[in-house]
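Each chain, written out:
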Amino acid sequence: MNDRVVEIWGERTPYASGDAWPDRVDQFLVDGVAESDVESWVRGACLLCSNGCGVEVAVAGGRIVGIRGRAEDRVNHGRMGPKGLYGWQGQQHDRLTAPLIRQGGRLVETDWETAMSAVVERSRNLLDTKGPLSHGFFTSGQLMIEEFYTLATIGKGGIGTPHMDGNTRLCTATAATAFGESFGCDGQPGSYTDVDDCDALFLFGHNVAETQTVLWARMLDRLDGPNPPRLVCVDPRRTKVAERATVHLPIRNGTNLALMNALVHQLIAVGYVDREYVAAHTVGYDELAAATADATPEWAAEICGVPAADIVAAADVFGTSDRVVSTCSMGFYQSHQATAAACQVNNLHLLRGMLGRPGAGILQMNGQPSAENNREAGCGPALPGFRNWGNAEHVEELARLWNVDPLVIPHWSPPTDANAMFRYAEQGSIGFLWIAGTNPAVSMPNLNRIRRILSGNQCFVVVSDAYRTETTELADVVLPVALWAEKTGTFTNVDRTVHLQEKAIEPPGQARSDLDVWIDYARRLGLADRDGGPLPAWDTPEAAFEAWKAATVGRPCDYSGLSYQQLHDVGGIQWPCNDTAPAGTERLYTDGVFVTDRARCETYGHDLATGAGVSAEQYSARRIDGRAILKTTGYQPAYEVPDEQFPLRFTTGRTVFHWHTRTKTKRARQLQDAAPSMWVELSTQDAARLGVGEGDIVRVTSRRGAIQAPARISHVREGTVFAPWHYGDSGFVETAANDLTITAWDPISKQPEFKVAAVNVQLIRHGDGPAPAPTNTASAPVDATITNPGR
Amino acid sequence: MHLCTYLILLAAAEQTLADSYVTVSQGHADEADVHYTCADFARQATAHVEALAPVTARYTDRREPEPERLRPDGLTTTRGGPVGLLRDLQDLYQLVSLVDITWALVGQAAAGARDRELIDTVAGCHGQTTAQHAWLRSRMRAAAPQTLLVAT
């Protein structure tokens, strides 16, 4: 196989509209291992992005020695991306093998008994003196369903705290709220197979070429095949997607809603609306038309900094295509009017009747492989099974499932978001914070503040992780946990595809699965149901999965028809999967009936301007009854706009070679070499004005901090500074992008603003060569003669 | 006629509300959502004052003596800590309640007076005030358990 760090998307297998995507099996075995050396191929799915590619893990001598894609899996048809092929090797280095406990200010190795006793003693003490609201659990989008549902049961049914959220708040919260506002409930309407049939693709703030490489390979194969779809790309950077676009709208970061209101305005003004669909299946058309009446392409062009003619052209592509697939991701979600902008993507499809049929679909993306499960299983913004905290009957159902008093289950307000949790931890009213599978000391905004919160004495911090990270170093107790393929469990990708990852090898040293750790915690705490039975009432992955299935019966995310055996045999299967859909469900809302019935909906919705909740009474009064909701709000400038002191717009993002804070990928040689250290990207125009050349060291300063890194002169739009957020602070110089970002968030999804911070840039000194940034991605240099020094 | 009195009351109350929002936004800058949202609401309230000016000017020749204590007091300083925040938000809630019902009453009078310009002004502004009211309610309800049970 070719070097997939160079040939990121692999060889093309072009196909035509309506055909099946051809298979192409990608495989990587470490040097010196032949196929004949592999003792077993263990089934599962990749956990290094939200795509969820079906894979088989090669095992020999009790170690993972390679990986290959599963040709029969619906998600990837055998393909894998560079992170999936190489990233697992990072699991074989620098692992935590014993618990750590803080003694005299230092973390020292200890045993499980000592560590868990310390955890439970502090937990019990706080529960007795301050009650359940003293506890917070901050998790991940990378754990298994079994683990999320078990923790939700412990936290919400046993302890009774609303303070449970994941780093999913940083990546995918807006997808969930946009679905809730438009369709009454979370749940991806579309399917990856819609790419096979579409005649237009719209990518809104979604650099799919780097974030979900296998999905981009599918799109590329359509683009290179007969009758390719037209492609519209909204992104301030010239990404690989932008290079293939029919229309590229490189708007100023922070102006998404102005563009979206103009696109909706234009659909209405030109008469592209499917009146019949809108009349039968939506409410709110008149309000939407009124709210966008003045949002002309010319008005938006001024705000967004793109030609009005290009906005008109994009609207024309949407309006004259028969089968449109839209994807929407972090460029929209990590912005100040995130939910409103993402809802406008839904609205475009509703106005044209473009959903629920082959090729016409919406993919509000997830960033992480199991983000969906955090959302649906009750560790994030909803009660388990997308139950509505504001609906007493939903709370009663949960109480019956858990055999607990409904009063124990916190349902007086929405589950607490991560921003509020960290604020409570800062103030000490959360005195016990358990962080699992995530590294907030690099990933959260405004890191100086986050480090202060985690290192202070006001809050006891427990961290479950597989490595020592920037976050574990601030903890009071660190628990070593098993990683992917070292435990069995299920997770669900962007298009509702559920996979089972089977345990392939033993975790290193004393590391245990997060499921085992939380069951141990619950037992030591003595959590019990109404009859004195143990809560949770299970202690194995498969029993947890069965309990989860029972919790989803009749809900939109119905897993009741799935089993471990079926997932093993078939590979990925899309929920809902139940008696009436035993093979799973490709698309939601095929009949134009949405989950907006009052008794069934996950949320009554919000005012998109302020985030104030709609009451049950107000919601009932609208008689929405299964129709979708068209709504938007007026454009507002970002929380922090450029001024004389800080004249540039800073934005953060990802590179294809790294995953999050690089805990795995920096330990995989191929990936680390491809993007070894921090850089920042400047436009040609800004670089010239600042006297900065390729590779020169610059300081980027915001009101919250400053970082230093080599500059890449890239094709980012003028006025915008881009930086990857994967890199933490190295020992003596600040390099973490989130040292600069702002503490602010979307009012509905509470997703933090990462896409606009006002900064200035100064030249520190001339560099010794090109910046250490990839040259075959959106970070490509303007000077095409530069090659990646890591290669 | 006292419509003019109430237009003066409304403009004064909106101005006081705008100033109070600024006070809370700055005094609770560590509460990021309160900080940004109150700053935004302050801009709305200021815009409402400006929107009222031309209509009010049409009625000033029929101005009557004002009753006692017509205009509300606002917040001039903020209180400390989580419970201080909650109490400050309650003060804002009280003020915005007054503004909200005053818009409704002025709207009634505008209908009675068949004053199309004022009817349009009410339609343009009142919804924002109601949304401010709803936000304050949501925000306080969410914060109350933590503030009253655990915070110090």
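Residues numbered from 1 in each chain as written. Chains lettered and ligands numbered in written order. Predicted model: local features only at pLDDT ≥ 70, side-chain atom pairs only at ≥ 80, totals over all residues. Heavy atoms only, no water.

## A closer look at the overall build of chain B
Then comes step 1: Helix and strand content of chain B: four helices and zero strands.
Then comes step 2: Secondary structure elements of chain B occur, N-terminal to C-terminal, as α-α-α-α.
Then comes step 3: Taking the principal axes of its C-alpha atoms as reference, chain B extends roughly 55 × 30 × 20 Å.
Then comes step 4: Counting the 152 residues in chain B, one finds 50% classified as buried.
Then comes step 5: Of the contacts made within chain B by residues no fewer than 6 positions apart, 80% connect residues no fewer than 24 positions apart. (Helix = DSSP H or I, 4+ residues; strand = E, 2+ residues; numbered from the N terminus. Buried < 20%, exposed > 50% of the residue type's maximum accessible area, 1.4 Å probe, protein only. Contact = heavy atoms within 4.5 Å.)

## Describing the sheet that holds strand β20 (residues 573-574) of chain A
Hydrogen bonding along the main chain pairs the strands of a sheet, whether they run parallel or antiparallel.
Residue and element names in this part refer to chain A.
Then comes step 1: Read across the open sheet, the three strands follow the order β18-β19-β20; overall the sheet is antiparallel. On the outer flanks of this sheet lie β18 (489-492) and β20, each paired with one strand and no other.
Then comes step 2: Where β18 lies against strand β19 (residues 497-501), four bridges are found, and the strand directions are antiparallel. In the sheet register, T490 faces β19, and the bridge partner there is L500. (Pairing = 2+ DSSP bridges.)

## Remarks on the pairing of strand β27 (residues 757-765) of chain A
Each regular strand carries side chains that alternate between the two faces of the sheet.
Residue and element names in this part refer to chain A.
Then comes step 1: Pairing between strand β22 (residues 648-653) and β27: three bridges, direction antiparallel. Counterpart to F650 in the pairing with β27 is A757.
Then comes step 2: Here strand β24 (residues 697-701) runs beside β27; their pairing, made up of five bridges, is antiparallel. Opposite R699, over in β27, you have Q762 as the bridge partner.

## A short note on the layout of surface pockets
Then comes step 1: When its volume is computed, the second largest pocket comes out at roughly 340 Å³.
Then comes step 2: If you go around the second largest pocket, you meet 20 residues; those closest to its centre are P576(A), L588(A), Y589(A), V595(A) and R600(A). (1 Å grid on protein atoms, 1.4 Å probe; cavity = no way out; pocket = protein on both sides within 12 Å on 5 of 7 lines; lining within 4 Å. Points joined across faces, edges and corners; volume = space filled by probe spheres on them.)

## A closer look at the interface of chain A and chain B
Then comes step 1: On the chain B side, the residues contacting the 21 residues of chain A number 20 residues.
Then comes step 2: Taking both sides of the interface into account, the surface hidden between chain A and chain B amounts to around 1,700 Å²; carbon and sulfur atoms contribute 57%.
Then comes step 3: Considering only the side of chain A, the residues that lose the most area to chain B are L133(A), R423(A) and T610(A), jointly responsible for 27% of the buried surface there.
Then comes step 4: Here chain A is connected to chain B by one salt bridge.
Then comes step 5: A salt bridge links R423(A) to E31(B), with the nearest nitrogen and oxygen atoms 2.7 Å apart.
Then comes step 6: Considered class by class, the residues forming the side of chain A that touches chain B number nine nonpolar, nine polar and three charged. (Buried area = accessible area lost by both parts, 1.4 Å probe. Salt bridge = Lys/Arg side-chain N within 4 Å of Asp/Glu carboxyl O. Nonpolar A, V, L, I, M, F, W, Y, C, P; charged D, E, K, R; others polar.)

## Quick notes on the domain arrangement of chain A
It is common to give the size of an interface as the accessible area lost on bringing the parts into contact.
Residue and element names in this part refer to chain A.
Then comes step 1: We note that the domain assignment places domain 1 (27-92), domain 2 (173-365 + 595-629) and domain 3 (648-765) within chain A.
Then comes step 2: One C-alpha centre belongs to domain 2, the other to domain 3, and the line joining them spans 28 Å.
Then comes step 3: In this complex, domain 2 contributes 35 residues to the contact, which on the side of domain 3 involves 22 residues.
Then comes step 4: Between domain 2 and domain 3, the buried area comes to about 2,300 Å², and carbon and sulfur atoms account for 51% of it.
Then comes step 5: The three residues of domain 2 that bury the most area against domain 3 are R237, N253 and Q334, which together make up 32% of that side's buried surface.
Then comes step 6: In this structure, the connection of domain 2 to domain 3 is made through one salt bridge.
Then comes step 7: In this structure, E681 engages R237 in a salt bridge whose closest nitrogen and oxygen atoms are separated by 3.0 Å. (Domains from an automatic or database assignment.)

## Re the packing of aromatic side chains
All names here are of chain A.
Then comes step 1: According to the stated counting rule, one finds 31 aromatic pairs over all chains in the structure shown.
Then comes step 2: Judged by centre distance (5.6 Å) and plane angle (55°), the rings of F204 and F332 are tilted. Of this pair, F204 sits in strand β9 (residues 200-204) while F332 sits in helix α15 (residues 330-333), and the two are 128 residues apart along the sequence. Across this residue pair, the class does not change: F204 and F332 are buried.
Then comes step 3: When the ring of W299 is compared with that of Y635, the centres are 6.4 Å apart and the planes differ by 80°; the resulting orientation is edge-to-face. In this pair, W299 is assigned in helix α13 (residues 297-304) and Y635 in the loop between β21 (628-629) and β22, connecting sequence segments 336 residues apart.
Then comes step 4: Note on W299: relative accessible area 30%, which makes it partly exposed.
Then comes step 5: An aromatic cluster is built from Y149, W402, W538, F545, W548, Y559 and Y564, whose rings are joined through pairwise contacts.
Then comes step 6: Over the aromatic face of W41 sits the side chain of R68, whose NZ or CZ is 3.7 Å from the ring centroid.
Then comes step 7: Positioned above the aromatic ring of W112, the side-chain terminus of R512 is 4.6 Å from the ring centre. (Phe/Tyr/Trp six-rings, centres within 6.5 Å; stacked < 30°, edge-to-face > 60°. Lys NZ or Arg CZ within 6 Å of the ring centre and 35° of its normal.)

## Thoughts on helix α2 (residues 112-129) of chain A
Residues and elements named next belong to chain A.
Then comes step 1: Over its 18 residues, α2 runs 25 Å from end to end, which matches the ideal 26 Å to within 8%, given 1.5 Å per residue.
Then comes step 2: Taken residue by residue, α2 has W112, A115, M116, V119, V120, S123, L126 and L127 as its buried positions. One side of α2 carries all its buried residues, which in axial view fall inside an arc of 135°. Away from its buried face by more than 90 degrees, α2 exposes E121, D128 and T129.
Then comes step 3: Next to the buried residues of α2 lie β7 (135-139), α3 (145-159), β15 (432-436), β16 (460-465), β17 (477-480) and α22 (514-525).
Then comes step 4: Just past α2, the residue G131 takes up positive phi, approximately 90°. (Expected span 1.5 Å × (residues − 1). Arc of directions from axis to C-beta.)

## Quick word on unusual backbone geometry
Excluding glycine, most residues fall at negative phi; most peptide bonds, likewise, are trans.
Residues and elements named next belong to chain A.
Then comes step 1: Cis geometry is adopted by the peptide bond preceding P536, which originates at L535 and carries an omega value of -5°.
Then comes step 2: Relative to the helices and strands, P536 resides in the loop between α22 and α23 (541-552).
Then comes step 3: Cis geometry marks the peptide bond from W575 to P576, where omega comes out at 0°.
Then comes step 4: If you check the backbone angles, D625 has positive phi at about 45° while not being a glycine.
Then comes step 5: Mapped onto the secondary structure, D625 falls in the loop between α25 (616-621) and β21.

## Thoughts on the pairing of β22(A)
Residues and elements named next belong to chain A.
Then comes step 1: Taking burial as the measure, the six residues of β22 include six buried ones, the bulk of the element.
Then comes step 2: Burial of β22 is two-sided: the residues L648, F650 and T652 facing one way and the residues R649, T651 and G653 facing the other way are all buried.
Then comes step 3: Pairing of β22 with strand β26 (residues 720-724) involves five bridges; the strand directions are parallel. Bridge pairing links R649 to T720 in β26.

## Details of the nonpolar core
Residues and elements named next belong to chain A.
Then comes step 1: Within the largest apolar cluster, 129 residues are counted, with the highest numbers of intra-cluster contacts made by F204, L351, W434 and Y521.
Then comes step 2: Among the elements that take part in this core, helix α10 (residues 256-270) stands out by supplying nine residues, more than any other.
Then comes step 3: If you look at the next biggest cluster of nonpolar residues, it comprises 83 residues, including L48, V57, A504 and A723. (Core = buried A, V, L, I, M, F, W, Y, C linked by side-chain atoms within 4.5 Å.)

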